[in-house]
Amino acid sequence: MNKRKKIVFLSATKHGLDLINSINKKYKIHYVITPKLKKQSSSERINAKKFCIKKKIKYKELNSYSKIDELKVFFEKIEVDILICVSWQRIIPKWLIDIPKIASLGAHGSHEGIYLGRGRSPMNWCLLGGKKKFILSLFKIDKEDADSGPEIFRKKIQVKKTDNINDLYKKSYNLISKMILAFLNNSRKKYKVYNGEYK
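Predicted model, so just to flag it, every value in this text is computed and none were measured.

> Got a minute to help me understand the packing of helix 1 (residues 14–24) against helix 6 (residues 165–185) in this structure?
Two measures define how a pair of helices packs: the angle their axes make with one another and the distance between the axes. Put simply, helix 1 and helix 6 touch, their axes get as near as 10 Å, and they point 40 degrees apart. Between helix 1 and helix 6, the crossing angle belongs to the class labelled oblique. Read as a crossing pair, helix 1 and helix 6 show a hand that is right-handed. Where helix 1 abuts helix 6, its residues His15, Gly16, Leu19, Ser22 and Ile23 lie against Tyr169, Tyr173, Ile176, Ser177, Ile180, Leu181 and Leu184. Across the contact of helix 1 with helix 6, the residue classes break down as eight nonpolar, four polar and no charged.

> What should I look at first to understand helix 1 in this one?
When helix 1 is considered as a whole, its buried residues turn out to be Gly16, Leu17, Leu19, Ile20, Ile23 and Asn24. Considered in projection along helix 1, the buried side chains sweep an arc of 160 degrees and stay on one side of the axis. Here the buried face of helix 1 lies against strand 1 (7–10), strand 2 (29–35), helix 2 (49–55) and helix 6.

> Any chance you could explain the nonpolar core here in plain terms?
Across soluble globular proteins, nonpolar side chains show a tendency to be buried alongside one another. One finds Phe9, Ile23 and Leu138 to be the most contacted residues of the largest nonpolar core, which totals 38 residues. Considering every element that reaches this core, the biggest residue donor is helix 6, with nine residues. The residues contacting Ile23, other than those within four sequence positions of it, are Phe9, Ile29, Ser177, Ile180, Leu181 and Leu184. Grouped together as the second largest cluster of nonpolar side chains are 21 residues, Ala12, Ile33, Leu71 and Phe139 included.

> Hey, could you run me through the pairing of strand 1 in this one?
Taken residue by residue, a regular strand's side chains alternate between the two faces of the sheet. Across the two faces of strand 1 the burial is the same, with Ile7 and Phe9 and Val8 and Leu10 all buried. Here four bridges tie strand 1 to strand 2, and the two strands are oriented parallel to one another. By the bridge assignment, Ile7 is partnered in strand 2 with Ile29. Once the chain exits strand 1 it traverses helix 1 before rejoining the sheet at strand 2, and the crossover so formed is right-handed. Relative to strand 4 (residues 82–85), strand 1 runs parallel, the two sharing four bridges. In the sheet register, Phe9 faces strand 4, and the bridge partner there is Ile84.

What counts and how
- Residues numbered from 1 in each chain as written.
- Predicted model: local features only at pLDDT ≥ 70, side-chain atom pairs only at ≥ 80, totals over all residues.
- Heavy atoms only, no water.
- Axes fitted to C-alpha atoms, helices over the stretch in contact; angles between N-to-C directions.
- Helix = DSSP H or I, 4+ residues; strand = E, 2+ residues; numbered from the N terminus.
- Parallel < 35°, antiparallel > 145°, perpendicular 65-115°, else oblique.
- Left-handed = near helix turned anticlockwise from the far one by under 90°.
- Contact = heavy atoms within 4.5 Å.
- Nonpolar A, V, L, I, M, F, W, Y, C, P; charged D, E, K, R; others polar.
- Buried < 20%, exposed > 50% of the residue type's maximum accessible area, 1.4 Å probe, protein only.
- Arc of directions from axis to C-beta.
- Core = buried A, V, L, I, M, F, W, Y, C linked by side-chain atoms within 4.5 Å.
- Pairing = 2+ DSSP bridges.
- Right-handed = clockwise from strand over helix to strand, strands pointing away.

Below, the structure written as structure tokens:
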């Protein structure tokens with residue numbers, strides 16, 4: 001895949017910026033979509049403006065985190081080959097899913113895998129439950145539904161008894177970065193079909 005492909009990131013957390021920073025070292029990010037912060041914004045949410053200026057990445061601020069429809073005109077004016085939606089805790093609309101020429105990508109995981117472990121804070125529940133593995137998936141977003149779509153890669157993380165939430169975040173985002181880069185290097189991947197269990 002040509003490294004000049006137009007890659008757009010949706011991200012609203014610090015961990016999302018870590019991922020963008022990692023990918024941008026190999027593939028120049030075209031745009032980052034970032035929400036403006038408000039008084040009622042959660043503590044984990046960030047605005048990527050300063051980060052993007054420092055890294056010389058173009059960005060577009062979203063006035064309301066929950067109203068991405070306000071960017072319809074913006075997206076009609078830019079080229080998008082791949083949309084990456086990671087650390088974006090909102091369902092994206094079908095009109096946006098369909099814009100990229102190649103794919104809209106998402107990542108999610110749990111100790112039970114993507115299809116059995118949807119929802120918020122899967123890493124926290126993994127640690128609280130004393131689980132020994134965390135199954136992480138990179139998938140193609142193809143509909144307006146949370147963490148669903150055909151899988152591109154599925155990888156397993158071994159969870160140690162000494163791991164805390166920051167350790168598991170670091171392991172997960174390092175693995176997500178590797179999966180995204182593998183996809184960018186070769187987008188002609190066969191999707192995995194869930195067969196009712198994870199091995």
